[in-house]
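Observations on chain architecture
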Amino acid sequence: MKPKVIAIVGPTASGKTRLGIEIAKRWNGEVISVDSRQVYRGMDIGTAKPEGTWVESEIEKDGSIKQLFGSRKTFLVDGVTHWGIDLVTPDEPFSAADFKAYATEKINEIFVRGRLPILVGGTGFWLKTIIDNLDLTSTPGDPALRAELESRTLGDLFHEYKQLDPEGAELIDKQNKRRVVRALEVTKLTGKPWSEQQTAGEQLYDVLQIGLLLPREELIERIDSRVEEMVARGLVDEVRRFKDTYGCECESMTGIGYRQVCAFLSDITSLGAVDISGTRSEQLCPIGHNCSLASFADRTKLNAAIEDVKRDTRAYAKRQMTWFKRDSRIVWVNLGDSTENLIKRFLENRSNT
RNA sequence: GGCCACGUGGCGAAGUGGGAACGCAGGGGUCUGCAAAACCUCGAUGAGUCGGUUCAAUCCCGGCCGUGGCCU
């Protein structure tokens with residue numbers, strides 16, 4: 001019998017986190033965040049990381065389970081244990097494959113504890129690695145090779161790739177350089193065509209996917225107000241801290257919120273319009289907020305950056321819906337609907353494979 | 001009242017006497033190690049409006065309407 005796992009999916013700002021907590025409380029579960037941005041330590045406000053506290057772990061003490069991502073501590077949100085948060089520093093890479101290794105380990109641990117694993121998150125690809133047990137090839141990225149490949153033109157790369165893996169060349173998105181680079185990278189590193197390495201193992205878990213559905217208008221409202229809330233909570237200062245350490249270029253800074261605000265900060269810095277060495281939080285706040293030091297021009301720019309964040313978040317939500325829509329296994333519920341019977345039936349149903 | 005300018009898809013905005021760029025927004029889609037990423041794709045049978053010139057008008061001419069500016 002496969003372990004039963006619940007997954008809560010849906011676009012950003014649809015209320016997944018809260019639902020996850022409710023379900024965890026009701027069914028004795030632990031949450032695993034499936035979010036490619038919440039893995040970064042310290043990136044809290046912009047990733048809408050749930051607010052919680054790190055406590056000494058009670059459950060990890062016996063050491064009976066080998067921990068790939070060992071931690072003495074547990075992240076508690078409203079009394080519910082959360083995994084998948086604060087796994088790496090913002091300059092460390094963390095891929096879908098890393099996540100798969102981490103999450104499967106955590107699911108098994110939770111299962112052994114006799115509790116219910118609840119995957120909560122909007123990173124569809126990461127979730128898919130677990131639900132469909134993708135064998136993400138055993139070939140990690142090779143930074144040197146990748147850098148070399150990336151310096152070449154797409155046409156050139158595709159040409160070489162086609163020689164090495166004609167079948168893959170048919171399947172791949174030939175206009176997406178990032179994909180072609182990876183396929184070529186895998187093929188060269190392993191000596192075997194990338195297209196032959198795309199396999200999925202047998203399903204590991206019995207999964208109930210619950211999708212949160214809400215009217216587009218309502219989702220947009222929720223996105224907008226959440227972004228405003230982030231700003232009020234100090235998004236700009238958070239981004240500035242990371243900008244000072246990592247700049248705007250590293251992967252973790254390409255997240256929505258970070259990207260736009262980082263660009264804004266670079267803009268005003270280069271113009272010398274704002275002294276950013278002083279008491280920062282007082283100097284930078286958008287129009288409509290109470291602040292005295294920022295110039296009107298800079299506040300206008302910040303407002304524009306915030307609008308960009310909202311816009312890009314909407315676009316992201318749309319992409320997420322495109323992803324989830326095509327998975328017919330998802331059971332869609334309206335925000336606010338009870339999941340009681342749905343989950344009850346799922347848990348009572350004995351899986352026979 | 002007179003003079004001048006302008007009137008292009010939801011917004012912004014080019015250009016041309018003979019296939020209406022582009023940006024943004026919006027819709028649809030792809031996805032097997034960067035996925036909040038990367039990539040693909042679709043929207044004006046028609047240019048305020050009515051006439052005229054021309055083989056042909058969004059582009060030239062005129063009337064009307066509208067907008068902005070200037071003048072008395």
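What counts as what
- Residues numbered from 1 in each chain as written.
- Chains lettered and ligands numbered in written order.
- Predicted model: local features only at pLDDT ≥ 70, side-chain atom pairs only at ≥ 80, totals over all residues.
- Pairing = 2+ DSSP bridges.
- Helix = DSSP H or I, 4+ residues; strand = E, 2+ residues; numbered from the N terminus.
- Axes fitted to C-alpha atoms, helices over the stretch in contact; angles between N-to-C directions.
- Buried ≥ 20, exposed ≤ 12 C-beta atoms within 10 Å, placed from the backbone.
- Domains from an automatic or database assignment.
- Contact = placed C-beta atoms within 7 Å.
- Nonpolar A, V, L, I, M, F, W, Y, C, P; charged D, E, K, R; others polar.
- Near = placed C-beta within 6 Å.
- Expected span 1.5 Å × (residues − 1).

1. Concerning the pairing of strand β9 (residues 206-213)
Here strand β1 (residues 4-9) runs beside β9; their pairing, made up of six bridges, is parallel. Residue pairing in the sheet places Ile6 in a bridge with Leu208 of β9.

2. Quick word on the sheet that holds strand β2 (residues 29-33)
In spatial order, the strands read β3-β4-β5-β2-β6-β1-β9-β10; together these eight strands make up an open sheet with mixed pairing. Across the chains shown, the open sheet's two edge strands, defined by having one partner strand only, are β3 (53-56) and β10 (331-334). With direction set aside, neighbouring strand axes in the sheet form an average angle of 35 degrees. Of the strand pairs in this sheet, β2 and strand β5 (residues 80-83) are connected by two bridges, and their pairing is parallel.

3. Things to note about the environment of Asp78
Looking at the secondary structure, you find Asp78 in the loop between β4 (73-77) and β5. The exposure class assigned to Asp78 is partly exposed, which follows from the 14 C-beta atoms found within 10 Å.

4. Thoughts on the domain arrangement of chain A
Per the domain assignment, the segments making up chain A are domain 1 (4-134 + 201-214 + 328-348), domain 2 (143-197) and domain 3 (217-317). On the side of domain 3, 22 residues touch domain 1, which itself brings 16 residues to the contact. Residue composition of the side of domain 1 that touches domain 3, grouped by class: nine nonpolar, four polar and three charged.

5. A word on the protein's contact with RNA strand B
Looking at RNA strand B, there are 52 residues lining it, with Ser36, Arg37, Thr47, Ala97 and Phe125 nearest. At ten residues, helix α12 (residues 296-325) tops the list of elements feeding residues into the surface near RNA strand B. Tallied by class, residues from the surface near RNA strand B come to 14 nonpolar, 19 polar and 19 charged.

6. Here we look at helix α9 (residues 235-246)
A rise of 1.5 Å per residue sets the reference length of α9, with its twelve residues, at 16 Å; its end C-alpha atoms lie 16 Å apart and thus fit the reference within 8%. Inspection of α9 places Leu235, Val236, Glu238, Val239, Arg240 and Phe242 among the buried residues, and these make up the whole buried set. In the segment just after α9, Gly247 is the residue with positive phi, at about 75 degrees.

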